[in-house]
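# Understanding the architecture of this molecule
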Amino acid sequence: SGLASVMIDKQLSSDFKFLNNRYVVYTLKIDRINLKGAIISGDIFVQGQVIKDSENKVIGFSGKLFSKELTLNSEPFMPVRMAFTITGDKLKIKTLRFGRSYELNGTIDLKEPFDMALRFNIIRADIKDFAVMGKTKHPAAAFGSISGVFYIKGRFPNLFSNGSIQSRYGRIGPVEYNLASI
């Protein structure tokens, strides 16, 4: 077993723990880092195990990621949870969840040409989430839930997406509806 701590700068610090020759625990502490205008803080944890072949050679990593006390622009952000496997040059996302309503799964090549095949599910999300993302002046005036699925495929950055979303029995400002589909 072993331990390695790294202070990247005042905004990022990390700890690695290697246990029983195969198990890894990693912690990343983020303190108000600016990513293109978004100020992010919180803790990210990864735990998992090294994957070895029959000849005891390392061929990948299988793990879980989760967040604690994540904030975006000083506002609480939904919890992030992920189960994944990295083998060779491919990341397989078994599930990546943002809160209870958003889930992504699929594969991403980790070297050029960066092929992706992803599925993004929206499960009874609060329509206010979309009003906030769309920078609506009065997000509290939106009421309802949204469900849907999007498929994202292609080579980064030239991705293709298709899918649909649907909302039932909602309201956006003065407009009420029984069903809205896109």
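Up top is the structure these notes are about.
Report follows, based on the coordinates. (Residues numbered from 1 in each chain as written. Predicted model: local features only at pLDDT ≥ 70, side-chain atom pairs only at ≥ 80, totals over all residues. Heavy atoms only, no water.)

Here we come to the overall build of the protein. When helices and strands are tallied, the protein shows one helix and 13 strands. When the elements of the protein are put in sequence order from the N terminus, they spell out β-β-β-β-β-β-β-β-β-β-α-β-β-β. Buried residues in the protein amount to 30% of all 182 residues. Considering only contacts in the protein between residues 6 or more positions apart, those separated by 24 or more positions represent 25%. (Helix = DSSP H or I, 4+ residues; strand = E, 2+ residues; numbered from the N terminus. Buried < 20%, exposed > 50% of the residue type's maximum accessible area, 1.4 Å probe, protein only. Contact = heavy atoms within 4.5 Å.)

Note on pairing: side chains with opposite charge can pair once their charged atoms come close. Across all of its chains, the model carries seven salt bridges by this definition. Two residues, D109 and K90, come together in a salt bridge whose shortest N-O distance is 2.7 Å. Within this pair, whereas D109 is found in strand β9 (residues 102-109), its partner K90 is found in strand β8 (residues 90-98), the two being separated by 19 residues in sequence. Since its relative accessible area comes to 37%, K90 is described here as partly exposed. (Salt bridge = Lys/Arg side-chain N within 4 Å of Asp/Glu carboxyl O.)

Once that is clear, we can look at the nonpolar core. One finds L65, M82, F84 and I93 to be the most contacted residues of the largest nonpolar core, which totals 22 residues. Every element with two or more residues in this core is listed here: β3 (23-35), β4 (38-52), β5 (58-72), β7 (80-87), β8, β9 and β10 (115-126). In terms of residues, this core owes the most to one element, β3, which gives five residues. Those residues in contact with F84 that sit more than four places away from it in its chain are V46, F61, S62, G63, K64, L65, L91, K92, I93 and K94. Counting residues in each nonpolar core, the second largest holds eight residues, with Y102, I122, A125 and I127 among its members. (Core = buried A, V, L, I, M, F, W, Y, C linked by side-chain atoms within 4.5 Å.)

Taken as a whole and judged by the stated rule, the model has five aromatic pairs. When the ring of F16 is compared with that of F18, the centres are 6.1 Å apart and the planes differ by 5°; the resulting orientation is stacked. Ring centres of Y102 and F120 lie 6.2 Å apart, and the angle between their planes is 10°; on these two criteria the pair is classed as stacked. With a gap of 18 residues between them, Y102 in strand β9 and F120 in strand β10 connect regions that are remote in the sequence. For F120, a relative accessible area of 22% puts it in the partly exposed group. (Phe/Tyr/Trp six-rings, centres within 6.5 Å; stacked < 30°, edge-to-face > 60°.)

A few words now on the environment of I122. As for its placement among the helices and strands, I122 is situated in strand β10. We classify I122 as buried; its relative accessible area is 4%. Residues I122 and S164, 42 residues apart in the sequence, show an inter-C-alpha distance of 9.9 Å.

The two faces of a sheet get side chains in turn, since along a regular strand they alternate between them. Strand direction decides the pairing type here: β4 and β5, joined by 12 bridges, are antiparallel. Each residue of the ladder has a partner; that of S41, found in β5, is T71. Here β4 hands over to β5 after five residues, with N56 in that stretch at a positive phi of 70°. Bridge analysis of β5 against β7 gives seven bridges, and the strand direction is antiparallel. In the sheet register, S62 faces β7, and the bridge partner there is T85. In terms of strand pairing, β5 meets strand β6 (residues 75-76) through two bridges, oriented antiparallel. The partner of L72 across the bridge, within β6, is E75. Where β5 hands over to β6, the hairpin turn is made up of two residues, of which N73 adopts a positive phi near 55°. (Pairing = 2+ DSSP bridges.)

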